[in-house]
Amino acid sequence: MPFLIFLFPLSAANAVFLFCVAGVKDSRLYSCPIYKKPTRTDVNYIAAVDLKTSLPPEYWILRGVALLCDVK
């Protein structure tokens, strides 16, 4: 986990924002990749979205779950 050094006093809103940006992640979020085409290459990679799940993320990773934007 990255650490932050504050050089100025923070308000409560700024502290909450920095807490969220600092990389604190829920253990039940699966970072699901999105691809343009079924061929999973770095050329077809778009982004990743965090999906809530009742199972650990490793469950979905081992199954190779991804989102596709291709309509064919």
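Above this note sits the structure.
In short, a report on the structure. (Residues numbered from 1 in each chain as written. Predicted model: local features only at pLDDT ≥ 70, side-chain atom pairs only at ≥ 80, totals over all residues. Heavy atoms only, no water.)

### Observations regarding the sheet that holds strand S3 (residues 67-68)
The 3 strands are arranged S2-S1-S3 in an open sheet whose pairing can be described as mixed. This sheet does not close on itself; its edge strands, each paired only once, are strand S2 (45-52) and S3. Bridge count between strand S1 (residues 29-35) and S2: 7 bridges; the pairing is antiparallel. If you follow serine 31 over to S2, its bridge partner there is aspartate 50. (Pairing = 2+ DSSP bridges. Helix = DSSP H or I, 4+ residues; strand = E, 2+ residues; numbered from the N terminus.)

### A short note on the side chain of asparagine 44
The topology assignment puts asparagine 44 in the loop between S1 and S2. Of the polar contacts made by the side chain of asparagine 44, one reaches the backbone oxygen of threonine 39; its length is 2.8 Å. Other than its neighbours up to four places away in sequence, asparagine 44 contacts Ile34, Tyr35, Lys36, Lys37 and Thr39. (Polar contact = N/O pair within 3.5 Å; in protein donor to acceptor, adjacent residues only side chain to side chain. Contact = heavy atoms within 4.5 Å.)

### Focus on the packing of aromatic side chains
Throughout the structure, instances matching the rule amount to 2 aromatic pairs. An angle of 70° between the planes, with centres 5.8 Å apart, marks the rings of tyrosine 35 and tyrosine 45 as edge-to-face. Of this pair, tyrosine 35 sits in strand S1 while tyrosine 45 sits in strand S2; the two residues are 10 residues apart in sequence, bridging distant segments of the chain. Overall, tyrosine 35 belongs to the buried group, its relative accessible area being 13%. Look at tyrosine 45 and you get partly exposed, because its relative accessible area is 39%. The ring of tyrosine 59 has arginine 63 sitting right over it, with the charged end atom 3.6 Å from the ring centre. (Phe/Tyr/Trp six-rings, centres within 6.5 Å; stacked < 30°, edge-to-face > 60°. Buried < 20%, exposed > 50% of the residue type's maximum accessible area, 1.4 Å probe, protein only. Lys NZ or Arg CZ within 6 Å of the ring centre and 35° of its normal.)

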